[in-house]
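# Chain and residue survey
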Amino acid sequence: MVVFTDLDGTLLDRDTYSHAPADSAIDRCKALGVPIVLVTSKTRAEVEALRLSMRHTGPYIIENGAAAILPGHPDLILGASSSASRAALRRASFVSGVLVRGFSDMSIDEICQRSGLHPEIAALAARREYGEPFVVLSGPVSRLESALAELGFQVTRGGRFFHVLGGCDKARAVRKVAEFLNDGDTIGLGDAPNDIPFLLTVRRPILIPSPHLHAMRAALPNAFIAPEPGPAGWSRALLEILDNP
Ligand SMILES: [Mg+2]
């Protein structure tokens, strides 16, 4: 068994970014030898800080599937670099007339204001190796998406930002890590539409309640729904499965 999980709003509380309410299920996974694979739009620097506090030792997928970090093995690079992503975003914005503001245009203060992140965490979030998060200032995002698609890039929507990515997604990265771990009994947990593709690739998807739940249920009608939002729901849903295998 292997658990693939989103972070914000799923394993981490949407507002406090705490994983504490999930600690009992995290400990149970450790005791049973069930790897927890973190799947996130966050950077390597952000995830490393979190892994220390969680004492996480398993693989992790960063920047929306742009790379999978497999401890003791070379990284699996799946996506375009952030400089290529930024260049594509600028070009697509110009071509489509949709005005955007990317992370690389924002000060740490502005990232904090827009995300509610603590300044130390925002500095780690700004250390991107692959895609580029952005906000739309004016114009329809669909037009920007088409312009990016022409350039071979795609847009995914996270909790607070859009992200431009080149040639990668969380689903592909999850499949690669499941192959690497040679384990088909996959569980996935997520709370937002950008988790849907990876939840569709796992054997047992679990939806964490959020304002997106309705759309998520439509895409994943057979998914199990956690009994409450955030890490507390994460823990209860996972303990239910671990206790009734
Ligand atoms: Mg999330």
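Right above here is the structure, for reference.
My aim in this report is to walk through the structure given alongside it, one point at a time. (Residues numbered from 1 in each chain as written. Predicted model: local features only at pLDDT ≥ 70, side-chain atom pairs only at ≥ 80, totals over all residues. Heavy atoms only, no water.)

This part takes up the packing of helix 1 (residues 23–32) against helix 10 (residues 230–243). Contact geometry for helix 1 and helix 10: axes closest at 8 Å, N-to-C directions at 30 degrees. Between helix 1 and helix 10 lies a crossing whose hand is left-handed. Side by side, helix 1 and helix 10 meet where Ser24, Ala25, Ile26, Arg28, Cys29 and Leu32 of the first sit next to Trp234, Ser235, Leu238, Leu239, Leu242 and Asp243 of the second. Of the residues contributing to the contact of helix 1 with helix 10, the split by class is eight nonpolar, two polar and two charged. (Axes fitted to C-alpha atoms, helices over the stretch in contact; angles between N-to-C directions. Helix = DSSP H or I, 4+ residues; strand = E, 2+ residues; numbered from the N terminus. Left-handed = near helix turned anticlockwise from the far one by under 90°. Contact = heavy atoms within 4.5 Å. Nonpolar A, V, L, I, M, F, W, Y, C, P; charged D, E, K, R; others polar.)

In an α-helix, one turn spans 3.6 residues, which is why side chains three or four residues apart end up on the same side. In this model, helix 3 (residues 82–96) (15 residues) spans 20 Å end to end at C-alpha, consistent with the 21 Å of a helix rising 1.5 Å per residue. What helix 3 keeps buried is the set Ser82, Ser85, Ala88, Leu89, Ala92, Ser93 and Ser96. For helix 3, the buried positions fall inside an angular range of 130 degrees around the axis, keeping them on one side. In helix 3, the exposed positions that point more than 90 degrees away from the buried face belong to Arg90, Phe94 and Val95. The inward-facing, buried residues of helix 3 abut strand 6 (99–102), strand 7 (132–138), helix 6 (141–150), strand 8 (153–157) and strand 9 (162–166). With its phi angle positive at about 75 degrees, Gly97 sits one or two positions after the end of helix 3. (Expected span 1.5 Å × (residues − 1). Buried < 20%, exposed > 50% of the residue type's maximum accessible area, 1.4 Å probe, protein only. Arc of directions from axis to C-beta.)

Okay, the sheet that holds strand 10 (residues 186–190) next. Note on sheets: strands pair through backbone hydrogen bonds, and any given pair is parallel or antiparallel. The eight strands lie next to each other as 5-4-3-2-1-10-11-12, forming an open sheet whose pairing is mixed. A strand with exactly one partner marks an edge of an open sheet, and here the two such strands are strand 5 (76–77) and strand 12 (224–225). Where strand 11 (residues 204–207) meets strand 12, two bridges bridge the pair, whose relative direction is parallel. Bridge pairing in strand 12 links Leu207 to Ile225. Packing of helix 10 onto the sheet brings it into contact with strand 1 (2–5), strand 2 (36–39), strand 10, strand 11 and strand 12, and relative to strand 10 it is tilted by some 165 degrees. (Pairing = 2+ DSSP bridges.)

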